[in-house]
Each structure stands twice: as C-alpha cells, then as structure tokens.
Amino acid sequence: MMLQTVKKQHYLPQFATTPPEEGKTIYLLAGDLGGTKTNLALFSSLDGALDVVRQDTYASREYASFSEIIQHFIAQGKDTPPQRICIGVAGPVVNGKVELTNLSRELSVDEIRQGTGIRSVALINDLEATAYGLATLSPQQLTTLHRGAADHRGNAAIIAPGTGLGMAGMYWDGQYHHPFPTEGGHTDFAPRTELDIQLLKYLQEKYEVASWERVISGPGIYDIYMFLRDVRGMEEPEAMRTAIQTGDASAAISKAALAKEVTICIKTMELFVRYLARESANLVLKMKATGGLFLGGGIPPKIAPLLETGDFYHHYLQGDRMAELLASVPIHLVNNDKSALWGAAFYAQHMI
C-alpha cells in the first residue's frame, strides 16, 4: 500500500493516508454522535479534497435509535447515496459496537450496515475522530495559547470537554501520528486544595464516584456552581436563578462569567479553567505529548477569553518536577467545533 503524508503546518499532526483515485468522486457520510446532539454530514471527496454537500443536526434523545437518525438523513438525499460511512461516537468502541456513555444506547457496525445496505462502515471514538479532524484544519481554526519549544516532535494529545469529557492520544512513530482513543475522562478527580476536597466530597455524595468528567464538562460547570451556592454559601442572584431554570444552565453560567457580571459564575469558571489545566497537564505527562496539546470539544471555543488570560497556563505548569517538560509543549485551542465530524469524514476517506 502506497502511503502519502497529509502535509499541514508544523504544529499540526501528520497522518499517513492512501492516495485518492484521481478524477473519481465518492460520497462519504460522516457523523458525530453525542449525548446532546448528533451531527451528520454528507461529504464529497475528489482528488483528496473534502467538501460538504449537506449537513443536519438532530436532538439525540428524540429518536429511538441512532440507526434511525442515519437512515432518515440518507433518505433526504437519494440522488447522492454515500459509498462509505464513518461515525464518531461518545464511548468506547469494542468489536464494532459501542454503548453511548451518556445515553445508555447501543450502536453497531452491523446495525448500520443492515439499516442502510452500505458495507463500508466504521465506528470510531469521537475523540479519535476529533484527532483525525486536525488534518482538515486551516491555521485560522487554531488559536495558539503557548508556542512551546522550537522542536516539538513527538506524541500529541487532545482533551475535549462538552457534554462529557473526551481525551485521545496521537502516537508519533518518527514520521506519522497515529490517533488512539482513551476513556481518561472517567478517571478519578484529584483534589489539591481544601476547597477541592470539599467539592470532591460533594460530588461523591451525589455520584459516589467523582471523575474528572464530573467537573470538566457542561454538567460539571453546573455542579461546581451548585457546590459554590449550596456548600460554600455564595449568593445566587434572582436573575441568574431564572436564567438557569429557563435555559442551558452551563451556558448561562459561562456567559455571565465572560461578561464579569456575577461573582458565583466568575468563581465557577475560575475553578473550571483550573481543573481543565490540571487534567491537561496530567494528560500531557501520561502521553509524554511533546508534539502538542489540543483543546477541543464544544466548550473551549466558547470560553476562549477565559483560557487566554494566563490563568490556564499558570495552573497547567504546576506539574511537580516536570514543569520544564510541560513548558516545552505547544498548546492550541481548536476553534472548529465540527472537527470530530470532519475527522470522521477524513477517516472514511482514507482509512476504510
């Protein structure tokens, strides 16, 4: 098999791919299935170039199965049926099957094949898809929070808070990067301060097991907020209570923090940023990710000003005796919240 390098800027990973069939257009169905919403898109691939033909977003919980969503999407464009399907899913894929972590639903390659009649089907973890999505980014879709060392070849890592907390690694073989998924978001939350310990106890009473996902996610933002309100006694303004009750609680909290309007919201997001920084450093150390750390998912682009103040990097550096290694790692914010969708298309294009 002949391989070619996907050439991007030096700070983006490089992946080995098979060259496309010249002059031949193929249609690819890509999906990003999450606990809140499901993004589907039909892509055309011609001479290696990916283009969106059409796309749609579905509320995940409004359908009996994900297979039903996929079939509905395909039926809307019968003139351009896909030849390949790749779906990024929020959960561990084992033997072509996955149970969606935040929805308690199952999906399998065989189910998709039976429902669509398409044989070239792959299920991959959504963070693996997000990693592959880096190959489709332009430099304008990245914000560099820290440049790191001049020579930063090596493994890379990606952390992505949204409805849940996803993490993935990219192994460097000396020439190419190879994405692999993890379930690191479900490892134990590690408190450092007295306040952290109080939060840990609060989360243990509520969930029994307090994982990093319980603090670094959309629901985690609301849990931190409730802890500050109910345990630490911080004041909740009436307007804030109404905004939370009538809309997306985490979005309302982060919006108020960005506007520097409500003290409890500002403190909530200060803690969120600190916890994201600490677990980002943990991930870098475990992966020895000298090739770069990428902050993806739905939340980081929306709170970019909070990540650019210097607080994130300050807390990230608190790595015991490994501060020098942490400082050598470039840190980038992924501004495209559809990178998992594009990554699934890239996988369908080159890996199936």
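Predicted, not measured: the structure shown is a model, and the values here were computed from it.

Can you tell me about the packing of aromatic side chains, naming the residues and giving the values?
Overall, the coordinates contain 12 aromatic pairs when judged by the stated rule. Where Phe 43 meets Trp 342, the ring centres are 4.8 Å apart and the plane angle is 75 degrees; that geometry is what we call edge-to-face. Residue Phe 43 is located in strand S4 (residues 37–46), and its partner Trp 342 is located in helix H12 (residues 339–350); the two are separated by 299 residues in the primary sequence. Residue classification places Trp 342 among the partly exposed positions, given a relative accessible area of 22%. Its guanidinium or amino end placed over the ring of Phe 73, Arg 54 lies 4.1 Å from that ring's centre, counting from NZ or CZ. The side chain of Arg 214 reaches across the aromatic face of Tyr 207, ending 3.7 Å from its centre.

So, the sheet that holds strand S10 (residues 142–146): which residues are in play, and what are the values?
Within a sheet, adjacent strands bond to each other through the backbone by hydrogen bonds, running parallel or antiparallel. If you trace the six strands from one edge of the open sheet to the other, you get S10-S15-S14-S11-S12-S13, paired in mixed fashion. Two strands bound the open sheet, and with one partner strand each, they are S10 and strand S13 (177–181). Neighbour-to-neighbour, the strand axes of the sheet open up by a mean angle of 25 degrees, direction not taken into account. Packing against the sheet, helix H3 (residues 126–133) makes contact with strand S11 (156–161), strand S12 (165–172) and S13, and its axis sits at approximately 55 degrees to S12.

Tell me about the pattern of salt bridges, residues and numbers included.
Within this structure, the stated rule accounts for nine salt bridges. Across the pair Arg 229 and Asp 230 runs a salt bridge, and its minimum N-O distance is 2.7 Å. Assessed through its relative accessible area of 24%, Arg 229 is described here as partly exposed. Residue class for Asp 230 comes out partly exposed when judged on its relative accessible area of 47%.

I'd like a rundown of the packing of H3 against H12, residues and numbers included.
Packing of H3 against H12 brings their axes to within 6 Å, and their N-to-C directions diverge by 80 degrees. With respect to H12, the element H3 is oriented roughly perpendicular. On the side of H3, the interface is formed by Asp 126, Glu 128, Ala 129, Thr 130, Tyr 132 and Gly 133, while H12 contributes Ser 339, Ala 340, Trp 342, Gly 343, Ala 344, Phe 346 and Tyr 347. Taken together, the residues that form the contact of H3 with H12 break down as seven nonpolar, four polar and two charged.

Give a description of the packing of helix H4 (residues 194–207) against helix H5 (residues 218–230) that names residues and reports values.
In the contact formed by H4 and H5, the axes pass within 11 Å of each other and the chain directions differ by 110 degrees. One finds that H4 runs roughly perpendicular with respect to H5. Of H5, the residues touching H4 (which contributes Leu 195, Gln 198, Leu 199, Tyr 202, Leu 203, Lys 206 and Tyr 207) are Asp 223, Ile 224, Met 226, Phe 227 and Asp 230. Looking at the contact of H4 with H5 residue by residue, the class counts come to eight nonpolar, one polar and three charged.

Residue-level account of H5, with values.
Counting along an α-helix, one turn takes 3.6 residues, and residues three or four places apart therefore face a common direction. Here H5 spans 19 Å end to end across 13 residues, near enough to the 18 Å set by a 1.5 Å rise per residue. Summarising the contacts, the buried residues of H5 are in contact with H4, helix H6 (238–246), helix H7 (249–258) and helix H8 (263–287). For H5, the N-terminal cap is Ser 217; the gap from its side-chain oxygen to the backbone nitrogen of Gly 220 is 3.0 Å.

Give me unusual backbone geometry: which residues, what numbers.
The backbone of Asn 95 shows a phi angle near 55 degrees, a positive value even though the residue is not glycine. With respect to the element layout, Asn 95 can be found in the loop between strand S6 (84–89) and strand S7 (97–100). The phi torsion at Glu 208 lies on the positive side, around 75 degrees, for a residue other than glycine. Within the secondary structure, Glu 208 sits in the loop between H4 and H5. The class for Glu 208 is exposed, based on a relative accessible area of 65%.

Describe H12, listing the residues and the values that go with them.
Between its first and last C-alpha atoms H12 spans 16 Å; for 12 residues at 1.5 Å apiece the expected length is 16 Å, and the two agree. Taken residue by residue, H12 has Ser 339, Ala 340, Leu 341, Gly 343, Ala 344, Ala 345, Phe 346, Tyr 347, Ala 348, Gln 349 and His 350 as its buried positions.

Requested: an account of the nonpolar core, with residues and values cited.
Counting residues in each nonpolar core, the largest one holds 55 residues, and the members touching the most others are Tyr 275 and Tyr 316. It is H8 that provides the largest number of residues to this core, a total of 13 residues. Discounting residues that sit within four places of it in the chain, Tyr 316 has contacts with Ala 277, Arg 278, Ser 280, Ala 281, Val 284, Leu 293, Leu 326, Val 329 and Ile 331. Grouped together as the second largest cluster of nonpolar side chains are 34 residues, Leu 50, Leu 127, Leu 137 and Met 170 included.

Which residues make up the layout of surface pockets, and what are the values?
Of the pockets and cavities examined, the largest pocket occupies roughly 1,100 Å³. If you trace the largest pocket, you find 48 residues lining it, with Pro 161, Gly 162, Thr 163, Gly 164 and Gly 298 closest to the centre. Sorting the residues of the lining of the largest pocket by element identifies strand S3 (25–33), S4, H3, S11, S12, H5, H7 and H12 as the ones contributing at least two each. No other element matches H7, which puts six residues into the lining of the largest pocket. Its residues assigned to classes, the lining of the largest pocket shows 16 nonpolar, 22 polar and 10 charged.

An account of the confidence of the model for the chain is needed here, citing residue identities and associated values.
Residues with a pLDDT of 70 or more make up 96% of the chain, whose mean pLDDT is 92. In the predicted structure, residues 1–9 sits below a pLDDT of 50 and forms 30 contacts with residues beyond four places in sequence or in another chain.

So what's going on with the sheet that holds S6? Which residues, and what values?
As summarised here, the arrangement of the five strands in space is S5-S4-S3-S6-S9, forming an open sheet in which the pairing is mixed. Every interior strand has two partners, whereas the edge strands, strand S5 (49–59) and strand S9 (120–125), have only one. In this sheet, adjacent strand axes meet at a mean angle of 15 degrees when their direction is disregarded. Inspection of the sheet shows S4 paired to S5 by 10 bridges, in the antiparallel sense. Its bridge partner being in S5, Thr 38 is matched across the sheet by Tyr 58. Relative to the sheet, helix H2 (residues 109–116) contacts S6 and S9, its axis offset from that of S9 by approximately 145 degrees. Along the sheet, H12 makes contact with S3, S4, S5, S6 and S9, crossing S3 at roughly 140 degrees.

Each value, and the rule that gives it
- Residues numbered from 1 in each chain as written.
- Predicted model: local features only at pLDDT ≥ 70, side-chain atom pairs only at ≥ 80, totals over all residues.
- Heavy atoms only, no water.
- Phe/Tyr/Trp six-rings, centres within 6.5 Å; stacked < 30°, edge-to-face > 60°.
- Helix = DSSP H or I, 4+ residues; strand = E, 2+ residues; numbered from the N terminus.
- Buried < 20%, exposed > 50% of the residue type's maximum accessible area, 1.4 Å probe, protein only.
- Lys NZ or Arg CZ within 6 Å of the ring centre and 35° of its normal.
- Pairing = 2+ DSSP bridges.
- Axes fitted to C-alpha atoms, helices over the stretch in contact; angles between N-to-C directions.
- Contact = heavy atoms within 4.5 Å.
- Salt bridge = Lys/Arg side-chain N within 4 Å of Asp/Glu carboxyl O.
- Parallel < 35°, antiparallel > 145°, perpendicular 65-115°, else oblique.
- Nonpolar A, V, L, I, M, F, W, Y, C, P; charged D, E, K, R; others polar.
- Expected span 1.5 Å × (residues − 1).
- Polar contact = N/O pair within 3.5 Å; in protein donor to acceptor, adjacent residues only side chain to side chain.
- Core = buried A, V, L, I, M, F, W, Y, C linked by side-chain atoms within 4.5 Å.
- 1 Å grid on protein atoms, 1.4 Å probe; cavity = no way out; pocket = protein on both sides within 12 Å on 5 of 7 lines; lining within 4 Å.
- Points joined across faces, edges and corners; volume = space filled by probe spheres on them.
- pLDDT = per-residue confidence, 0-100.

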